[in-house]
Structure formats: structure tokens, C-alpha cells
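Close look at the chain arrangement
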Amino acid sequence: MFARRIRRLTARLRRRVTGIAASPFASPAAAACADTLRQAFAVYRTDRLVGIEAGAFAHAIQSRLDVVDPGAEGYRSEDLEQQRDFSVKFRWGHDHDFGAFAVAGEMGDRHVELMANFMALFGLSSEHFRGKDVLDVGCWTGGTTLLLAALGANVVAVEEVRKYASTTQFLATSFGLAGRVEVRPLSIYSCNTTAFRTRFDSVYFPGVVYHLSDPLIALRILYNALRVGGDILVESAGIDLEAPYCRFDGSRIVHKGTREALNRAGWNWFMPSPSALARMMQEAGFTDVQSLWHGPAGRVFAYGRKTSPVAICRAGLSVPDIP
Ligand SMILES: C[S@@+](CC[C@H](N)C(=O)[O-])C[C@H]1O[C@@H](n2cnc3c(N)ncnc32)[C@H](O)[C@@H]1O
């Protein structure tokens, strides 16, 4: 606890004195890898569009930004107070320079930083996804999906917010990826079907597990989605503790702004420590689990594999008949 406070204070002081935030990368190798990934992502520019003219493409993107449309997600106006602003108002996810225009994402360069950190922390190469069937869970406006496709993956992306799923599909189609990228407007919990079982070589699962009310069931669904030999890459907000603890936040916490401004950030449910996430992954069936706190990013990064089909403990499951 004390060491963590010192680390935070040092980072804050460093920012004040130098104006430079600590690098989000796990190592110089990760930063170098990020440069390669940025180049791979740079194929998604307006001069590479397929079947759509640059002006129409730009209009289709720009006309979505900041639109407030709760009805699109099926919300009733009387329930709006209870819904997250992210689903009510369209917010772009990751930075994207389309060439003719650019869109700043709320998560900046995160799609690139994430992938570079996964590769550095778990010793994966940039060829890791090439030719593989990959499930991208919670794709937002498609930064991670497009990056996976640029790395040679065949991607199925799922996203519970319909406007983001349709945007990701629009991007994939506009860049001629319709045969390699399929986007489904689905919650992860709706992937507990035979259509998703043993279909994937890899599951890409960053930035979502702490948004889930039932992380263990979600992890089991993803375990079931993998073929034997497959792997999962998980990243999460969390708590920097050795013990296997989760902090419960829930939907009533407003971290910033006001409810009136629909600026609710309190839709995080369980915030795991690295060892808590590792235990959840093991309960879901994963082996060779590695889970660690990546200080500069202030997040948990984890990796696991499906080495054989194993049963789940059936006591108290919220979905009793889950395979
Ligand atoms: C913080 S964003 C992370 C986006 C991207 N995966 C990344 O790591 O940068 C979380 C995304 O997961 C989606 N999401 C949250 N709960 C979900 C669920 N139950 N099923 C599918 N998507 C979900 C959100 O709508 C949002 O687009």
C-alpha cells in the first residue's frame, strides 16, 4: 500500500516537473512494437476505401459523433438516469487518422498500447494472430478489431451497444474486410450458444471484464468459445493488491461530472486484483494463467490457455446449465 502511494506520488511529481506522463509501455521493446503496430493500423486511411467515396465515408462517421440516441439501445426515457452515458451518447473509442480526416478517441492510442503491452508482457510475436480465428469482445468503435485484422486475423467482434457494433461493421466493410471481419451486436452473455462453441483460436478480451456483472460466467463462455490449444488475452481495470480481492463499484458511483450531464462513469462492477482475476480464469477452465499488475498503465494484464476441455464447478452458477 505504502509502496504504491510512493509510486503514484513519484509519477505525479515527475509529470509536474517534466510535463511528461510515465510511459504506458511495459518496456522499450513494447514501445518499439507499438511503432510497428501503428504502421500496420495506418492501412485504414481514406485512400484505401473500397466501394465508398471518401466524402460519404467521412460524413457517415462524423454524423454519428456525439449523437444522443437512447432509443437506439432500447432505453425508455424514464429509465435514462440509470443508463450509462456511453451507451446513450455516441462516443468514439480509439484515435484514428483516416488521412482525409482524423477522429480523436476517448481512449487515445489504447488499441496500439494494449496490443504492444500484451506482446511484451507475455512474449507474443506480432505474428501471433496471423491466420487465426479471433473473438474480439467489446469492440467499441472498432480500433481493436481493425488492428487484429491488420495483423492477419479473421475476426468475429461482439459488442453490446448496437451503435458501436454497426460502426465497427461499417468500418470493416468500408475497408474491404467483410470476408474477414464479422461484427455481431451481442452481449457476451448471448454468446453462450453452439454457434460460438470451439470456434476460435484466440479470444481478445481487454477493457471489458470489470464492466460485467458476472465475470466468471463470461470467462466460462469465452473458454467454451475456444478450441483446445487456444488462448485468451485479458486486460482490466483493477486494484493493485497481492491478495485475491475484488472491489465492488456498481452503477451508482459518479466518478466525474454530474448525472445531469450524463457523465456517469460508475458502470464498473467488480475491480479485480491480478490474483483474483487469475483465480476466476482458472475457475473458468484456463491453465497456464499469468496475471500481473502493469503499473504504468495502472491495469491488470492476464493470459491463459485452454489445454483440454475441463468441467466447471457447478455450485451456485447463475447459468446452471452452462456447459
Ligand atoms: C472500455 S471499452 C473497451 C474497448 C476495447 N475492447 C478496448 O480494450 O480498448 C468496453 C467495451 O465493452 C463493451 N461491453 C461492455 N459490456 C459488454 C457485454 N456484456 N458484452 C459485449 N460488450 C460489452 C462496451 O460497450 C464497450 O464498447
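Refer to the structure presented above.
Residues numbered from 1 in each chain as written. Predicted model: local features only at pLDDT ≥ 70, side-chain atom pairs only at ≥ 80, totals over all residues. Heavy atoms only, no water.

1. Re the site of the ligand
Taken together, 19 residues lie near the ligand, and His94, Arg110, Gly138, Glu159 and Ile188 sit nearest. Within the side chain of Arg110, an N or O atom sits 2.7 Å from an oxygen atom of the ligand. At 2.8 Å, a backbone N or O of Gly138 approaches a nitrogen atom of the ligand. Considering the ligand on its own, with 600 Å² of exposed area, one finds that the protein chains cover 98% of that surface. (Near = heavy atom within 4 Å. Polar contact = N/O pair within 3.5 Å; in protein donor to acceptor, adjacent residues only side chain to side chain. Areas by Shrake-Rupley, 256 points an atom, 1.4 Å probe, with all protein chains shown as cover.)

2. A closer look at the sheet that holds strand S11 (residues 299-305)
Strand pairing in a sheet is mediated by backbone hydrogen bonds. Such pairs are either parallel or antiparallel. Taken in spatial order, the seven strands line up as S5-S4-S3-S6-S7-S11-S10 in an open sheet, and their pairing is mixed. The open sheet is flanked by strand S5 (181-184) and strand S10 (287-294), the only strands paired with a single partner. Averaged over all neighbouring strand pairs, the angle between strand axes comes to 15°, with direction disregarded. In the sheet, S10 pairs with S11 via six bridges, with the strands oriented antiparallel. Residue pairing across strands places Gln290 opposite Tyr303, the latter belonging to S11. Each of strand S3 (133-137), strand S6 (200-206) and strand S7 (226-236) touches helix H8 (residues 215-225); the most contacted strand, S7, lies at about 145° to it. (Pairing = 2+ DSSP bridges. Helix = DSSP H or I, 4+ residues; strand = E, 2+ residues; numbered from the N terminus. Axes fitted to C-alpha atoms, helices over the stretch in contact; angles between N-to-C directions. Contact = heavy atoms within 4.5 Å.)

Note that every value here comes from positions in space, so none of it alone points to a role or purpose.
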